[in-house]
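# Descriptive structure summary
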Amino acid sequence: MTGNTLANNSRVLVVGDRGPAQDALCALLEDAGYHAVTARFGDALGRLDDRPPRVVVVAVDEGDGPGVSVVAAVARTGAAHPHLIAVCPDDEAVIEAALTAGCDECMVAPVRRAEFAARVAAGMKSWADATRASVYAVEAHRREATVHAVFGDMMEGLLVFDDAGRVLETNPAMVRLTGRPVRDLVGAVPPLPWWQPDLAADADAALATALEGGMGDVEAVVQRPDGLTIPVTVH
């Protein structure tokens, strides 16, 4: 796959002092098929709000200079911030400062065309993967919050099992019904301790059938730790 294919319609923000080094980086990007956009150090964050780029290349000349400050500011914009490439002199202190500030990788100037294009392409993919993972995480959290809200409002006791019959989740109604804390319910496996002892085998057998998808309503009896028994219907 060529750099031009990966670069299709992809913007790269190049942050520097508008000198020859920044112009050379832009030329390399344009040659590789990217749309290079420039910004001075003081304008970099403002450019992120205008069609945010997937990759930001920052010229970092000094360990305590404006380039490091820009790297740190961009890195703080969130988990899915643009992939940050710092272009540094061959100076260990400067490279360490850029990495500590939050850049994803450093390249020593002057950069080589093929390596630079390849790293930008990899950065594009890394940004896309991170963004997708962030979206999935948000959606998963939203679904989990919805499920927990529904479970919490249910009047019926609820148990969620895995394929092996282990309890994965419960709800407040089940905690109240059994008189046992959540820690005693979640993780439990048959024989389940909350059934009335003389009826426990039948109740566990009914649950095993339910997990296989072949059960109607079954009568059972819960026995609380205080000895109180409560008839229930398992369905």
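Refer to the structure printed above.
Residues numbered from 1 in each chain as written. Predicted model: local features only at pLDDT ≥ 70, side-chain atom pairs only at ≥ 80, totals over all residues. Heavy atoms only, no water.

Assigned secondary structure in the chain consists of nine helices and nine strands. Out of the 235 residues in the chain, the part that is buried amounts to 37%. When contacts within the chain are restricted to residue pairs at least 6 apart in sequence, those whose partners lie at least 24 apart make up 50%. With the model as given, the accessible surface of the chain reaches about 13,100 Å², and the carbon-plus-sulfur share is 55%. (Helix = DSSP H or I, 4+ residues; strand = E, 2+ residues; numbered from the N terminus. Buried < 20%, exposed > 50% of the residue type's maximum accessible area, 1.4 Å probe, protein only. Contact = heavy atoms within 4.5 Å. Areas by Shrake-Rupley, 256 points an atom, 1.4 Å probe, with all protein chains shown as cover.)

Taken across its six residues, strand β1 (residues 11-16) has six buried, putting it largely inside the fold. Residue alternation in β1 divides its side chains into two sets, Arg-11, Leu-13 and Val-15 and Val-12, Val-14 and Gly-16, and both sets are buried. In this sheet, strand β2 (residues 35-40) lies alongside β1 in parallel orientation, the contact comprising six bridges. Paired with Val-14 across the two strands is Thr-38, which belongs to β2. As for the winding sense of the linkage, the β-α-β connection from β1 through helix α2 (residues 20-31) to β2 is right-handed. For β1 and strand β3 (residues 55-59), the ladder comprises four bridges, and the chain directions are parallel. (Pairing = 2+ DSSP bridges. Right-handed = clockwise from strand over helix to strand, strands pointing away.)

Before going further, it helps to spend a moment on the sheet that holds β2. As summarised here, the arrangement of the five strands in space is β2-β1-β3-β4-β5, forming an open sheet in which the pairing is parallel. The strands lining the two open edges of the sheet, one partner per strand, are β2 and β5 (105-108). Between one strand and the next, the sheet's axes are offset by a mean angle of 25°, whatever the strand orientation. (Axes fitted to C-alpha atoms, helices over the stretch in contact; angles between N-to-C directions.)

Here the residue pair Ala-109 and Pro-110 is connected by a cis peptide bond, since its omega of 0° sits within 30 degrees of zero. The residue Pro-110 is located in the loop between β5 and α6 (113-153) in this model. At the junction of Pro-190 and Pro-191, the peptide bond is cis and its omega measures out at 0° in the coordinates. Along the chain, the position of Pro-191 falls in the loop between α8 (182-185) and α9 (200-211).

All quantities given are derived from atomic positions and should not be read as evidence of function.
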